[in-house]
Amino acid sequence: MTVLFADLVGFTARAEQMDPEDVRALLSPYYARLRSELERFGGTVEKFIGDAVMALFGAPVTHEDDAERAVRAALAIRDWAAEEEQIQVRLAVNTGEALVVLGARPGHGEGMAAGDVVNTAARLQAAAPVNGVLVGERTFRATRAVIEYRPAEPVAAKGKRDPVPVWEAVQPRSRLGVDVPHQARTVLVGRDRELGVLRDALARVRAERSPQLVTLVGVPGIGKSRLVYELWQVAEAEPELIWWRQGRSLPYGEGVSFWALAEMVKAQAGILEGDAPEQAGAKLAAMTDDVLGGMPEAEWVTRHLGALAGLGGDGAPAGGDRSEAFAAWRQFVEALAEARPLVLVFEDLHWADDGLLDFVDYLVDWAGGVSLLVVGTARPELLARRPGWGGGKPNALTLSLAPLSEGDTARLIGLLLGRAVLEAGQQAGLLAHAGGNPLYAEQYVQMLAEHGAGRQPPLPESIQGIIAARLDLLAAADKRLLQDAAVIGKVFWPGAVAALGGGPGGGELDECLHGLERRQFVRRERRSSVAGQTQYAFGHVLVRDVAYGQIPRAARAGKHAAAAGWIESLGRAEDHAEMLAYHYLSVLDLARGAGQDTAGLASRARAALQAAGDRVVALNAFAAAAGYYRTALALWPQDAHQQRAGLLRLLGTALHEAGELDQAEAVLAEGSRVAAAAGAAALEARIRILLTEIRTSHGGPGDQALAECQAATAVLEAAGDLEGLAEAWTLTGMIRFWLGDSPADQQALERAMAYARQGGHRRVQLQASFWLAVTFTLLPIPADTAIARAEQLLQTADGEPWSEADILRPLSELYAYSGRFADARDAIARARSVYDRSGAKIRRAMGAHLAGQIELIAGDPAAAEHHLRESYEAYRAMGERGFLSSVAGWLAEALYAQGRLGEAQQATEQAQAAAAPADIDAQARWRAARAKVLARAGQFPAAQTLLDEAEALVSPTCWAALQAGILLARAEVDRLAGAPERAAACLRAALSIYQDRHAAPLAEQTAAALAGLTGHPSAKPA
Ligand SMILES: Nc1ncnc2c1ncn2[C@@H]1O[C@H](COP(=O)(O)OP(=O)(O)OP(=O)(O)O)[C@@H](O)[C@H]1O
Ligand SMILES: [Mg+2]
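Owing to the predicted nature of the structure, the values given are computational and were not obtained by experimental measurement. (Residues numbered from 1 in each chain as written. Chains lettered and ligands numbered in written order. Predicted model: local features only at pLDDT ≥ 70, side-chain atom pairs only at ≥ 80, totals over all residues. Heavy atoms only, no water.)

Novice: Give a detailed account of the environment of P780, specifying residues and quantitative values.
Specialist: Counting through the fold element by element, P780 comes out in the loop between helix 32 (762-778) and helix 33 (783-796). Distance from P780 to V53, taken between C-alpha atoms, is 80 Å for residues 727 residues apart in sequence. Excluding residues that lie within four positions of it along the chain, P780 makes contacts with C958, A960 and R997. (Helix = DSSP H or I, 4+ residues; strand = E, 2+ residues; numbered from the N terminus. Contact = heavy atoms within 4.5 Å.)

Novice: Tell me what's going on with the pattern of salt bridges, and back it up with residues and numbers.
Specialist: Inspection of the entire model under this criterion finds 49 salt bridges. The partner of D162 in a salt bridge is R161, and the shortest N-O contact between them spans 3.8 Å. Residue R161 is classed as exposed on the basis of its relative accessible area, which comes to 78%. As a salt-bridge pair, K479 and D472 come within 2.8 Å of each other at their nearest N and O atoms. Members of the salt-bridge network, linked through shared partners, are D354, D358, R385 and R386. (Salt bridge = Lys/Arg side-chain N within 4 Å of Asp/Glu carboxyl O. Buried < 20%, exposed > 50% of the residue type's maximum accessible area, 1.4 Å probe, protein only.)

Novice: Which residues make up helix 36 (residues 841-857), and what values do they have?
Specialist: Between its terminal C-alpha atoms helix 36 stretches 25 Å, which fits the 24 Å expected from 17 residues at 1.5 Å a residue. Counting buried residues along helix 36, 14 of its 17 residues qualify, which places the element largely inside the surrounding structure. Looking one or two residues beyond helix 36, the residue adopting positive phi is G859, at roughly 80 degrees. (Expected span 1.5 Å × (residues − 1).)

Novice: Which residues make up helix 31 (residues 744-759), and what values go with them?
Specialist: The end-to-end C-alpha distance of helix 31, which contains 16 residues, comes to 23 Å, matching closely the 22 Å that a straight helix rising 1.5 Å per residue would cover. Positive backbone phi, at 70 degrees, marks G760, one or two positions downstream of helix 31.

Novice: Could you give an account of the packing of aromatic side chains, naming the residues involved and the relevant values?
Specialist: Under the criterion given, the structure shown has 18 aromatic pairs. An angle of 35 degrees between the planes, with centres 6.1 Å apart, marks the rings of F359 and Y362 as tilted. With F359 and Y362 both in helix 12 (residues 354-366), this residue pair falls three residues apart, about one helical turn. Across this residue pair, the class does not change: F359 and Y362 are buried. With centroids separated by 5.4 Å and ring planes inclined at 55 degrees, the aromatic side chains of F492 and F538 adopt a geometry described as tilted. One end of the pair, F492, is in strand 15 (residues 491-492); the other, F538, is in strand 17 (residues 535-538), and 46 residues separate them in sequence. On the accessibility criterion, F538 (0% relative accessible area) is buried. Sitting over the face of the ring of W636, R606 holds its NZ or CZ atom 3.5 Å from the ring centroid. In this arrangement the basic side chain of R997 is found over the ring face of Y817, its NZ or CZ atom lying 5.3 Å from the centre. (Phe/Tyr/Trp six-rings, centres within 6.5 Å; stacked < 30°, edge-to-face > 60°. Lys NZ or Arg CZ within 6 Å of the ring centre and 35° of its normal.)

Novice: Could you give an account of unusual backbone geometry, with specific residues and numbers?
Specialist: Note: most residues except glycine have negative phi, and most peptide bonds are trans. The backbone phi angle of N131 is positive, close to 50 degrees, even though this residue is not glycine. Looking at the element boundaries, N131 is found in the loop between helix 4 (116-127) and strand 7 (132-135). At D348, a position not held by glycine, the phi torsion is positive, near 60 degrees. For D348, the location among the structural elements is in the loop between strand 12 (342-347) and helix 12.

Written out as structure tokens, the structure is:
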């Protein structure tokens, strides 16, 4: 059970001189409020002892979250007291075993609980700071995932030898989020239906355990954020606790990638801007341990969240592609929503980068089985940018906020003024100008107050006009202060404002801020994201925009530079890289526009831009990264060869990952020239490797590529560049493999892995191990040997679901070859479930392809057809051709095996149309299948020609499985042509390949075909 003690302080001194009756009368409204707060959170008020109140949570009935309810109640009381001028409180919460008197009537002064836990709670309460909440160890342990604490001095307690360890509760985590404490000046006017929709969505999410997306769309000031706030109150009033996470997007041009999501993660972990990297990392780890504890993927998810929160270490990507990061983030969201209903609010989506929009889209599509409500707010620009936003989803809803009716606007004005109506002419004018926009009404009324009674201020055309007029009324120092704050952003800190130097400093600054807060230009936020700095926010972002617009252009550059300087002084530069980049870019743009010299700034701007690029690469936001690198590049003089070459490599890599292959090729070609000019041999070699990879994937000649790799390895070896060597050998292995060259590809990949291991480059290591596993499926090694090695590779990918799934694909094929169909189906099902849960399109199609292949080996062409068609359709829908051409070949086989010749022919045509000339696998497969179809129609010469071509393609390779496949096709054609001896010879050759590979099921099938041909079993399968 959990005990809460609350003591009203501040009255005691006065109460001594007062009549007890009067004291009671004075206190009674406060006690009523205390009681109602306690009861709202499910507490039972046990007794009033003088000024102190004792309440129990978990008696007479225990709930799983009693401790949390108690701490939340304590914090609610603390917050209420902090706002009341008259009173202060000290609070304590303690959890433990207590003696409970059943049947007690607390209303009649009968105590329900007694024992050590109660006595200690009383001690803690007495030791608590004014307007503070102390908790004991068990309470702390039970609630630290949901409440933020700071350590406090242990408390000495009677009857205890050692002091009792205690913590001070700071705030409930679910309340965090920058924009939640919306300042509502009046009750909500109108909007019943809109709020009803939100309420229903929340109820539905909870009842059906399925995700919902509601997007509120409307012009600035129409009331989107207000509705979110109203929903928050609904959620807060629920007896069941609901997680609430809120983040916003920033109006910084390109946007800070995934900022809103990063805010949510940081809030969940309690990470502050001022935290040192180790501290932030430790907080993140503790949080994921709480949320994901015990899940096998926990480490993987943590890594991806770390990249998101700017804890990427050396800026190395967390691995994989964007869909992998999405999958990891989604798993985190699901784990949160698993524990209790979760509301995620993405404010101001019109400023979100494409990556974030894609993620929200993806999350709502793929999160399953959990109570998740996603609420977005956006100005109408969002729909112009993404006309299909939310469209086509059964669980998405877009709500457009219309202006308030005249009646409601008039009511709102009345409420704001605190009196019924304005003078008739003024009222009519105001209604007409406000156009049903609550922000306009609010700002106008504010201006009326500032103008003083009797004078009638003008009615500007727009909200911006009103705000400008209000700013003009301010004292010069206040106005400069707001302008400086506007440079920093929607949220700002006094230290940063002081660093800009336009306004007052020190105590005067605080005073000005206080005055501006009273006039509701800004508000103080309860939580600050910079340690040791109070955080302020503009009351409305439009105030920020207008204030910014009033800064003389010539002064802006200097202010942005000072803001950047302040951010740099915070440390953890990589986390702020994009903000820094924003400020530096602004400086450069402005300075250039004004014809000022920018040379002095360039070096810091370049560093910030490159860091910003590295950070978003870690988030797999490659297009955004390319933008940063390009801008940084433009800031280097032409003769800075070394630095330019380094940036060109990063830019080329980002473009490659973003799928801009032509641009990547051009950039890397330039990079290699510049590196050569700088005499940077190792860098040049690494650039050439990338270039070679791109050219080869375009169908460039393989022997030339190998020569490039060889030259690069020699250089990199001399330079001792392990990562470069790992990359070079991976590419060598891949090329040798595609050339069907020899087992040398395996040696190359093994070397790549060794280098990657040695240098600790896990990303390259996993890439190499995947390719190695793929080579096992085609090369002439016995299936069981291959299986053992692939299983080993699987071990090394431990804890990386994505890499595991990638290795499970070839492994499942190997199981099928060796006749272990149950294992094969199980392995591919495991891989597919990883892909399915993530929505990774290409890999899902690959998974279906493998499932089809397995069924074909198992001799079930109908089942194979089902999977292959799924794969084929998926590739077709994405416009993918490289894999589609191979799948179509397999599909033709499955159809032929079912005697559906017309469809088989059609599939070979589709394969033929899609296959790249250099794609040996696809080119050979469709020919083999077509040859059989032609033979059925008696067109033997044409069939033979195709088979000759196929054989010419595969005979230089070591791809035993494909060679055997061609032999089987030949046998079929020969059999149909009435040449059983030739057919038998082909079958025997195929049989020996299968036997060598210990491919039992295929060997059996071939032996059976041979027996059917010759009339007697001529060979025993292995
Ligand atoms: N229906 C309403 N009743 C009373 N006040 C309202 C109502 N709608 C909005 N307001 C008030 O009007 C002001 C502007 O609303 P809000 O901040 O929600 O606008 P917004 O649509 O989020 O604008 P932006 O696009 O700029 O973020 C707020 O102070 C809000 O409390
Ligand atoms: Mg808003």
